[in-house]
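Tertiary structure, described
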Amino acid sequence: MVCSYEEHGHSIECTIRLPLDTKDDTDVWLKNFQDASFSAWRVSNNYPHCGKKNTYRVDLHCQHNTCPRSLTADQRKGSKNTKCPSKFYIVVKKRPCADVRGRQRSKDVHITSHPTVVNLKWNHNHEITSADTFRKRDVSDATREKLLELFSAGHSPSSAIDTLKYDLQMENNDEDYLRLSADKATCPDLQYCFRFGEAATTSFITNEQAATISFITNEQVATTPSLVMNRLLPPPSLVMNRLLGKYSRSVSLGTNATLCLLR
Ligand SMILES: [Zn+2]
């Protein structure tokens, strides 16, 4: 359900409501949104005590807005920091109890059916589907699972990558293979595999820890098939469809569309 929507070029500011009740539900939704929109988000703020009316709140920002550790960190060729202003928050509201006469006390008319509020400012100052951006995506859970299987079968990091690439080639046509093999989510670089393999064999590794293992070489950036992947930012209607995920019917946003597009 879209409550408000404004579009300025490739920028979007919107508020949507989702029928989700728990943090776990929103975690799954966020992961699907990240996968579908080719964007990656980092936590800006958690709210352990988020008030009487909410059960969960998190603020997020684009991964291309980092806190550089030194004055020269941004000048490094592999730096992903573009000071991207995109951000959003997710709030899961508590469903209110009805009073003795069965009336709802909340003035929020959507709180019973759609307790979760998502407020998004999609205003990326970098390309979303360029080769360089794809090389900086998070490695997906499915790829991490495959890597763990390969390591436990005795593969080295380099032979594990070769196997991942071979499987991608067998499972996809040439164009998709080029795209997927240049995407870190499906085909991580050698340094990642070394560090992931090391961490996996020495201790239990959480998704959060694995997500922080990232490194990209300049050579790999230079050899990605940019001609195939160097496309422009996705159109806003596509972003909205991915934002709403399975809760969306086909969204068509014209320039006049502003409010309540889905009900
Ligand atoms: Zn961004």
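Read on for an overview of the structure. Source: prediction; values computed, not measured.

This brings us to helix α3 (residues 141–152). Structural remark: α-helix, 3.6 residues per turn; residues separated by three or four positions point the same way. In this model α3 runs 16 Å from its N-terminal to its C-terminal C-alpha over 12 residues, within 8% of the 16 Å that 1.5 Å per residue would give. All of the buried residues in α3 are Thr143, Arg144, Leu147, Leu150 and Phe151. All buried residues of α3 lie within an arc of 120° about the axis, which places them on one face of the element. Every exposed residue of α3 that faces more than 90 degrees away from the buried side is listed here: Glu145, Glu149 and Ser152. Directly beyond the C-terminal end of α3, a positive phi value near 100° is found at glycine 154.

Right, let's talk about the pairing of strand β4 (residues 54–62) for a bit. Where burial is concerned, most of β4 is hidden: 7 out of the 9 residues are buried. Of the pairings in the sheet, the one linking strand β3 (residues 41–46) to β4 comprises 5 bridges and is antiparallel in character. Paired with arginine 42 across the bridge in β4 is histidine 61. Bridge analysis of β4 against strand β5 (residues 87–93) gives 7 bridges, and the strand direction is antiparallel. Pairing of aspartate 59 across the sheet is with tyrosine 89, part of β5.

What follows covers the coordination of the zinc ion. Within the protein, the atoms that donate to the zinc ion are Cys62 (SG), Cys84 (SG), His124 (ND1) and His126 (NE2), at distances of 2.0 to 2.2 Å. Geometry at the zinc ion is tetrahedral, judged from the 4 donor atoms that bind it and their angles of 104 to 115° at the metal. Mapped onto the sequence, the residues coordinating the zinc ion show the spacing C-x21-C-x39-H-x1-H. With cysteine 62 in strand β4 and histidine 124 in the loop between β6 (116–122) and α2 (131–134), the pair connects residues that are 62 residues apart, well separated along the chain. Judged on exposure class, the residue cysteine 62 and its partner histidine 124 are both buried.

Rules used throughout
Residues numbered from 1 in each chain as written. Predicted model: local features only at pLDDT ≥ 70, side-chain atom pairs only at ≥ 80, totals over all residues. Heavy atoms only, no water. Helix = DSSP H or I, 4+ residues; strand = E, 2+ residues; numbered from the N terminus. Expected span 1.5 Å × (residues − 1). Buried < 20%, exposed > 50% of the residue type's maximum accessible area, 1.4 Å probe, protein only. Arc of directions from axis to C-beta. Pairing = 2+ DSSP bridges. Donors = N, O, S within 2.8 Å, 3.2 Å for Na, K, Ca; no water. Tetrahedral: all angles 85-135°; square planar, octahedral: opposite > 155°, others 65-115°.

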